Amino acid sequence: MDKPSSKPGILAFVSLSVAALVATAVWVAFPAGAAPSANNTGGSAAAGDESDDLMSALSAYNDPRLSPDGSVTAGAYAAAWNHVTQMPVSSAAFSEVTTQPYASDSLHYRDQAASNSGGGAGYSAGRIAALAVDPTHVGVLYAGGADGGVFRSTDDGGTWTPIADHLPALSVGSLALMPDGSLWLGTGEATTASDNYAGSGVYRLANPSTGTFSSADQVGGGELDGTSIHELRPDAQAGYVFAVTSHGIYRRSLTAAQPTAWTAVLQPCAGVGVSGVTCGVSSTFADIASDLAVQPGSSGRSLVADVAWRSGAAYNGFYYSRDGGNTWSEANPTGAIQPKEIGNATFAYAADGSRLYVVMESTTLINKAGSSTVLAGAYVSASGNINGPYDQIATSSQLAASGSAMKRTLIGPGYQPGVQAWYDQSLAVDPADPNHVYLGLEEVYESRDGGANWQAVGRYWNFGLPCFSYTLSQNTCDGNVMHSDQHALAFSAWPGHAPEVYAGNDGGIYARPTTQTSAGWRNLNSSGTLRTLQYYSVGAGTLASGGVAVWGGLQDNGVSFSSPQGSTYTYTYPGTTTPVTEQLNPAGEMSEPFGGDGGDQMVNPANGCQTVGEYTNLAMSVTNNCGYTANDDGTPSSITNINPGDPNARFTAPFGADSVDSGFWVAGGEFVYGNTKTWSSTSGADWQKLADSGAGHSITAIASQNHVIWAGWCGTCNPSGSFGRGVMTNYGGAFHQITLPADFPNRYISGVAIDPADTTGATAYVTLSGFSRAWHEAPGAGYGHIWRTTDGGATWTDVTGDASAADSFPDAPANRTLIAADGTIVVATDLGVFTDNVKADGLGHWKRLGLSDITANGNLPTATAVYLTPSPDSKTLYVATHGRGIWSVPMP
C-alpha cells in the first residue's frame, strides 16, 4: 500500500481507529471515500492513515462498478464479454508504452516531502496476488497480477512473459500447479475479502511452461462467474480440487472432463455441507471463504477451512471435514485462539502434517475504536488438529520489536504490524523444516524455531530508521527491505539448486534462499517485464530534447514518469539565475517522483516536465521540472503542494485543464474549483471555489471548454439504498443542477466530455459505470452507458445503441470518454476501448478498437481500461489500464 510519510524531520504520530473505517462495512459493499486528514497535505500520507487510504482506494475502484445497490448478479461480466467478441472492429494495433523498468528508488527523484524514492523498495511492479513455482521445470515461475493476468518466467524471475492477456478477465485470485503439471488459474482477486463481479471462473493450462491461456481453457460452467477466488487447493490423493471463493467452498474432480460443473460443498449460511449455522449478515457478505488446507498424511481426507467476513458475522469460524469435503463440522478452537475473534485467516501445515500454523485477523479489533492493528496473532496447533489446543506464537507488538520499520517509536502508534490483516496475509512453512515459517502482513517476518523468535526480514521501508539518511554516504540500512503489503509466498525445490522463498506484494516479487540468514533480497521486478502496474490515469507532453514524457498515477506505486533514454531538461531553479541541464533518464528507466497512491494526472502537452499529480482526495502537487532533485540527498525540493483542502473529495478526484484556455484549470471535490495561476501555482490558495455540488456530494468527473464547465457527482457514493448522482454545469451563465430525465440511469457518473465541435459548450457526453438494471438487485440501474445532450442539459439521448444489435455498446462499466477532432467518440471500459465514428456510422453504432482476432497480440489486454488522453500532436491515443500498464494506439 502507499507509504505514510513518517520520514526524518516530518515524523507524524496519528492514532487511527480501524473501527471507524469498517463499522458500516457489514451493511454496504465498501465504505465511502474518506476526506483527507489534516496531515495529508503533501504527497505522502501521514503515519496511521494508510489503512484508511487502502479502504478508500478499494472503495474508489469498486463503488462505480457496484452502484447503485452494491451487488451484481452472476453472469453480468460473461454476458458483456460474449457481446464484445461479436462486435464489429475498428482495426488498429496497440503498443505497450510502459516497458522500461520502474525504478521506485531513483536517485534524483527524491523530493523529501513528496517522494518515496530512497525507501528501499528498489524496482517495482503492480500488486501480485498469487505465485506458483513449477517443480519439474528449473527456473519456471508463474505470477498472478491482481488485475494484470498471469506472467511466466523461465529464468527464475530474470524476465517475464504474459500468458493470459486475452482471457475475459485478468483479475487473478489464485494460481495452483496440479499433479499432472497443469496450471490452474482462479480469476477474481479476493484480497478485499468481499464480493467481486470481475471473476470469470477457473482456467486450466495443460502445458504452462510453453503455453498461453485461452477462453477454451475454462474449467466448469458459469457457476463461479462473478465470484472472487481466493485459493485453488488440489487434493491429489482424493482426486479433487477445491475453489475457495467469495460464495463459499466449491469442489470438482481433478480429472473430470469439460463441462463438468463445480459443486458447492461448504456454504454455512446456505446450509450446504453443514447445518444449524446462523448467518447474521446480508447475502452480500454471506459464506465468504478465506482459505482451505489439506492435512498431509491424511490420504486427502482431512480438510480445514476458514469461512468468515472480515468485519464479523455469526457464521465466522473454522470448519473441518474428515471425508474429503463431503460433510463439514464447525470447529471449536481451544487454547489461545478466541473463536469469536475469527475473521480473515490463512492456514499452513508443516510438510508432514505434524503441526498447523494459522495467522488470523480479529473481528473484535477491527470494530474497536482506537485499534492500531487488527491482527489477532499467529498461532500453532502442535498436533495439527484444527481444534487445537493453540499456542500464540506472534502478536503485533512482538512483530514490531523484531526489527520492523513499524515499531511504534518509528512509524507512530496508529500503524502497527497487522493493521491491514484483513487485506495482507500470507503464511508458509519451509517444506524442508517444520520450524521454519514465513509470515506476510505489511512486512515479511521469519522464524526458524517454530515461532519462538521472529525477525522482520522484509521491512516496510527504511524511512525513520536510525540507519537511514538521505545523504548516501551516511545511509547504513541493510537489504532486509521490500515493497509493503504481502499477499503470496511460494518455495522452489529444484534438484541441484538452492531452495528459495518468493514473496509477492503490492510492488511485485522478491526472492532469497531459504538458508540465507544475511540481509538482502533478489528483486524480480528489475527487468521491467513483470508489467502489472495498476494505473488510474495517464498524461503526456513533449520534451524539448525530443520525444514524449508519459506520466500516470498508480495504485500504491505513486506517479510514474517515463521518457526516452537520454532525455534532458534545462531548468532554472527558484532563487538562482543559472540554467541547469538535468539528465532525466540516463539508464532507460521509469522513475517515481511522487510517492504514495497516485490519482488523476495533468501534463502540459507543450512541456512534458510540467505536471500535476494527486496523492488522494484532491491533494494535488505541481512540478515544473519533472520532479527532478538536483542533489543526491533529495534537495532542493522540486514539487509544490497545491491542495485546496476540499471537505469531501473522492479518493481519486478529477481535475484538468480547460480544453481551449490552457491558462485555466478546474478541479472537483464537493466544490468546483478554478485556477488561473496554473503552472505558477504555489499553494492551495491559488484554487478558487466556483460552485458547491451540494452537502455530502463528491464530484466524480469534470471537464471545461472555454470556461463552460460540466461536472458529474455522487452523494451518497456508497452502493446502497441512499446512492445518488447528478450533473451540474454553468452553461448559460450561473452554475445549476441539471434535471435528468426519468430514464437516465441511477448509476455512478465516471466521465464527462464536451464536444469540441460545439464552441458554446452545450453538447456534452456523460459516461456511466456499472451494469444495467438486468444485473442489479435494485431497480433504477437503467441500461445506457453513454448519454448526450446538445442543448445544455435540457434533453438527453442514450447513444449506447440498440441493445440487441451487435454494434451496440457493451453492457459493462464505462470509465472515460474522449471526443476526437473528427467527432469520433472513444470510450474506455472494463472490457477494452470502443469507438463510434458518428460521421460515418451515426450515433449508437459502436466498434471494438483493436484487431479482428480478439486473441491476437496487438489487441489491448483485457485489463480494465480506466483513462484516455491524446498525445501532444493528437495523432496517438494513450490508454491507462488498471493492471497492464499504459498502451498507445493511433487516434481513431
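Going by the structure above, here's the rest.
What counts, and at which threshold
In every chain, residue numbers begin from 1 and rise along the written sequence. Restriction of local features to residues with pLDDT of at least 70 applies here, the model being predicted, together with a cutoff of 80 or more for giving and counting side-chain atom pairs; totals for whole chains, interfaces and linings are based on all residues. The side-chain values count all of the structure's non-hydrogen atoms but skip hydrogen atoms and water molecules. For the purposes of this entry, the term helix denotes a DSSP run of H or I that reaches at least four residues, the term strand denotes a run of E that reaches at least two, and both are numbered from the N terminus. Our radius of gyration is a C-alpha quantity, and the globule rule it is checked against amounts to 2.2 Å times the number of residues to the power 0.38. In what follows, residue pairs with any heavy atoms lying within 4.5 Å of each other are defined as contacts. Using a 1.4 Å probe, accessible areas were evaluated by the Shrake-Rupley method; residue-level cover was limited to the displayed protein chains. Per-residue accessibility, obtained with a 1.4 Å probe over protein chains only, is compared with the maximum for each type, and a residue is labelled buried under 20%, exposed over 50%, and partly exposed between these values. Should DSSP find at least two bridges between two strands, the strands are taken to pair. Two cysteine sulfur atoms make up a disulfide if the distance between them is within 2.5 Å. Put simply, a salt bridge is a Lys or Arg side-chain nitrogen that is within 4 Å of an Asp or Glu carboxyl oxygen. We define the nonpolar core as a collection of buried residues of types Ala, Val, Leu, Ile, Met, Phe, Trp, Tyr and Cys that are connected through side-chain atoms lying within 4.5 Å of one another. When charges are counted, neither His nor the chain ends are considered; positive counts come from Lys and Arg and negative counts from Asp and Glu. The definition of a polar contact used here is a pair of N or O atoms within 3.5 Å, where within protein one atom must be able to donate a hydrogen and the other to accept one, and adjacent residues in sequence count solely through side-chain atom pairs. Only the six-membered ring of Trp is used, alongside the rings of Phe and Tyr, when aromatic pairs are assigned; centres must lie within 6.5 Å, and planes under 30 degrees apart are stacked while those over 60 apart are edge-to-face, with the rest tilted.

Caption draft 1: Structural view of the overall build of the protein chain. Broken down by element type, the protein chain carries 7 helices and 60 strands. Here the protein chain has a C-alpha radius of gyration of 26 Å; the compact-globule value for 892 residues is 29 Å, and the two agree. Taking the principal axes of the C-alpha coordinates as reference, the protein chain spans close to 75 × 65 × 50 Å. Of all intrachain contacts in the protein chain linking residues separated by at least 6 positions in sequence, the fraction that spans at least 24 positions is 59%. Within the structure as shown, the protein chain displays about 26800 Å² of accessible surface, and the carbon and sulfur contribution to it stands at 51%.

Caption draft 2: Expanded view of the pairing of strand β4 (residues 128–133). Most of β4 sits out of view: 6 of its 6 residues are buried. As paired elements, β4 and strand β5 (residues 141–145) share 5 bridges and run antiparallel to each other. Paired with leucine 131 across the bridge in β5 is alanine 143.

Caption draft 3: The arrangement of the state of the cysteines in detail. Across all of its chains, the model carries 4 disulfides by this definition. What pairs with cysteine 269 in a disulfide is cysteine 279, and their sulfur atoms sit 2.1 Å apart. Its torsion about the S-S bond being 80 degrees, the disulfide of cysteine 269 and cysteine 279 is classed as right-handed. Of this pair, cysteine 269 sits in the loop between β15 (263–266) and β16 (289–294) while cysteine 279 sits in the loop between β15 and β16, and the two are 10 residues apart along the sequence. Owing to a relative accessible area of 24%, cysteine 269 belongs among the partly exposed residues under this scheme. Accessibility expressed as a relative area gives 17% for cysteine 279, which makes it buried. Each disulfide pairs two cysteine sulfurs, and for cysteine 467 the partner residue is cysteine 477, the sulfurs being separated by 2.0 Å. Note on the cysteine 467 and cysteine 477 pair: the S-S dihedral is about 90 degrees, so by sign convention the disulfide is right-handed. On the criterion of sequence distance, the pair formed by cysteine 467 in the loop between β27 (455–458) and β28 (486–491) and cysteine 477 in the loop between β27 and β28 is long-range, its members being 10 residues apart. Taking the relative accessible area as the measure of exposure, cysteine 477 reaches 18% and is therefore buried.

Caption draft 4: Representation of the pattern of salt bridges. Here the structure, examined in full by the defined rule, presents 15 salt bridges. Between arginine 884 and glutamate 96 there is a salt bridge, and its shortest N-O distance comes to 3.2 Å. Of this pair, arginine 884 sits in the loop between β59 (876–881) and β60 (886–890) while glutamate 96 sits in strand β2 (residues 95–96), placing them 788 residues apart in sequence. On the accessibility criterion, arginine 884 (1% relative accessible area) is buried. Residues joined by salt bridges that share partners form a network here, namely Glu96, Asp165, Arg531 and Arg884.

Caption draft 5: Structural context of the nonpolar core. Within the largest apolar cluster, 26 residues are counted, with the highest numbers of intra-cluster contacts made by Leu399, Trp422, Leu439, Leu441 and Trp454. Contributions of two or more residues to this core are made by α2 (50–66), β21 (356–362), β22 (375–381), β23 (390–394), β24 (426–429) and β25 (437–440). In this structure, leucine 439 is in contact with Val359, Ala378, Leu399, Ser426, Leu427, Val444, Tyr445 and Trp454, ignoring residues within four places of it in sequence. Counting 25 residues, the second largest nonpolar core, distinct from the first, contains Ala169, Trp775, Phe809 and Leu831.

Caption draft 6: Up close: the environment of phenylalanine 664. For phenylalanine 664, the location among the structural elements is in the loop between β42 (655–657) and β43 (665–668). What makes phenylalanine 664 buried here is its relative accessible area of 6%. Expressed as a C-alpha distance, the spacing of phenylalanine 664 and lysine 677, which sit 13 residues apart in the sequence, is 7.7 Å. Once residues within four sequence positions are removed from consideration, phenylalanine 664 is found in contact with Ala657, Asp658, Gly674, Asn675, Thr676, Thr678, Leu690, Ser704, His707 and Ile709.

Caption draft 7: Main features of unusual backbone geometry. Going from glutamine 258 to proline 259, the amide bond is cis rather than trans, its omega being 0 degrees. Of note, proline 259 is situated in the loop between β14 (248–253) and β15. Threonine 716 follows glycine 715 through a cis peptide bond whose omega is -5 degrees. Positive phi is not limited to glycine here, since threonine 678 has a value of about 45 degrees. Structurally, threonine 678 is set in the loop between β44 (671–675) and β45 (688–692).

Caption draft 8: Looking closely at the side chain of arginine 252. Inspection of the secondary structure puts arginine 252 in strand β14. One buried charged residue, arginine 252, forms no salt bridge at all, with the nearest opposite charge on glutamate 223 at 6.1 Å. Among the polar contacts made by the side chain of arginine 252, one reaches the main-chain carbonyl oxygen of threonine 260 at a distance of 2.8 Å. Apart from the residues lying within four places of it in its own chain, the contact partners of arginine 252 are Trp184, Val219, Gly220, Gly239, Tyr240, Val241, Ala257, Gln258, Thr260, Ala261 and Trp262.

Caption draft 9: Highlighting the sheet that holds strand β6 (residues 149–153). Sheet architecture is open: 4 strands sit in the order β4-β5-β6-β7, paired in antiparallel fashion. Whereas interior strands pair on both sides, the edge strands pair on one side only; in this sheet they are β4 and β7 (161–162). With 2 bridges joining them, β6 and β7 adopt antiparallel strand pairing. From the neighbouring strand, arginine 152 faces β7, where its bridge partner is threonine 161.

Caption draft 10: Representation of the packing of aromatic side chains in the model. In total, this model carries 26 aromatic pairs according to the counting rule given. Measuring from ring centre to ring centre gives 5.0 Å for phenylalanine 744 and tryptophan 787, while their planes differ by 45 degrees; the resulting arrangement is tilted. With phenylalanine 744 in the loop between β49 (736–737) and β50 (749–754) and tryptophan 787 in strand β52 (residues 786–789), the pair connects residues that are 43 residues apart, well separated along the chain. Under the relative-accessibility criterion, phenylalanine 744 is labelled buried at 3%. The class for tryptophan 787 is buried, based on a relative accessible area of 3%. Geometrically, the ring pair formed by phenylalanine 809 and tryptophan 846 is edge-to-face, given 4.9 Å between the ring centres and 75 degrees between the ring planes. Residue phenylalanine 809 is located in the loop between β53 (797–798) and β54 (814–819), and its partner tryptophan 846 is located in the loop between α7 (838–841) and β57 (847–850); the two are separated by 37 residues in the primary sequence. Judged by its relative accessible area of 0%, tryptophan 846 is buried.

Caption draft 11: Local environment of the environment of leucine 868. Relative to the elements of secondary structure, leucine 868 occurs in strand β58 (residues 865–870). With residues near it in sequence (within four places) discarded, leucine 868 still touches Arg816, Leu818, Val826, Val827, Ala828, Val833, Leu877, Tyr878 and Val879.

Caption draft 12: Fine view of the sheet that holds strand β51 (residues 764–768). The strand order across the open sheet built from 4 strands is β50-β51-β52-β53, with neighbouring strands paired in antiparallel fashion. Bordering the open sheet on either side are β50 and β53, each of which pairs with just one other strand. Where β52 and β53 come together, 2 bridges link them in antiparallel fashion. Directly across from tryptophan 787, in β53, lies its bridge partner aspartate 798.

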